[in-house]
Amino acid sequence: LPASFFNTVNVDYVGKLLATGETFDQGNTKEVLNNYIMGWRIAMTSLPAGSKAKVYIPSGYAYANTGQGTIPPNANLVFDIDFKEVILSSSEKTRFTNDTTAIDTYLAGKNVSAVTDSTGVRYVVTSPGSGAPPTWFQPLKLKYVIRELTNDSRIAATVDASPSETFDSRMVNYIPGIMVGLQKIGEGGKVTLYIPSNLAFGAPGVVSNNAQVIQPNSNLIVELELTDIL
């Protein structure tokens, strides 16, 4: 499986400056994916563990105009990576198993026939939309409603998202479960997602205005509509 932002990844890598080919770092790293630059987060949430790849990262998804160590500002980077594994603790493995079991039990109880994605997300495409699914970097307009699996009568959040000065609204800006859903539909498409907690908001859940909007470790139901690909 690809990693979620909350997983620890084991990666061998060689990092080079795209402009000069100079190696600025190499070795092995084992860290939570969310601690890395956005370019790595994108790669590890799309590549299955066991993959070897060359990843080209624009400066905006690396260290932008600040640079880092011997990496100058606004530098495009290239990494040769050997994505060895996603390291799950025993508790994470147990939670993932329990989460997907809970989702399957819920679906069976509701007589919902859903497709199981390789990531663990279950989904039902209610309208495929038109054209190809969006790419990682295309700006999107989308609407979605979030419910917790254990309290599906309550709407936890309603989101109407589009690009702004402070938000790109690209596929990579969303939680992994929604990223999975966006790859299943074209413009105008609709999909209902059943997302294990580790591909949603994980242990933190969501807090807004000092209120816990989405409970920690919640499996989610997300009704998603991709209204426009810009």
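Look a little higher up for the structure.
About the cut-offs
- Residues numbered from 1 in each chain as written.
- Predicted model: local features only at pLDDT ≥ 70, side-chain atom pairs only at ≥ 80, totals over all residues.
- Heavy atoms only, no water.
- Salt bridge = Lys/Arg side-chain N within 4 Å of Asp/Glu carboxyl O.
- Helix = DSSP H or I, 4+ residues; strand = E, 2+ residues; numbered from the N terminus.
- Buried < 20%, exposed > 50% of the residue type's maximum accessible area, 1.4 Å probe, protein only.

(A) Structural context of the pattern of salt bridges. Evaluation of the coordinates by the stated rule reveals eight salt bridges. Here R122 and D104 are joined by a salt bridge, their closest N and O atoms 2.8 Å apart. Here R122, found in strand β6 (residues 122-127), pairs with D104, found in helix α2 (residues 90-109); they are 18 residues apart in sequence, far enough to count as distant. Judged by its relative accessible area of 34%, D104 is partly exposed. Between R154 and E148 there is a salt bridge, and its shortest N-O distance comes to 3.6 Å. Residue classification places R154 among the partly exposed residues on the basis of a relative accessible area of 31%. Looking at E148, the relative accessible area reads 5%, which means it is buried. By sharing partners, the salt bridges in this structure join D12, D82 and K84 into a single network.

Keep in mind these numbers describe shape, not what the thing actually does.
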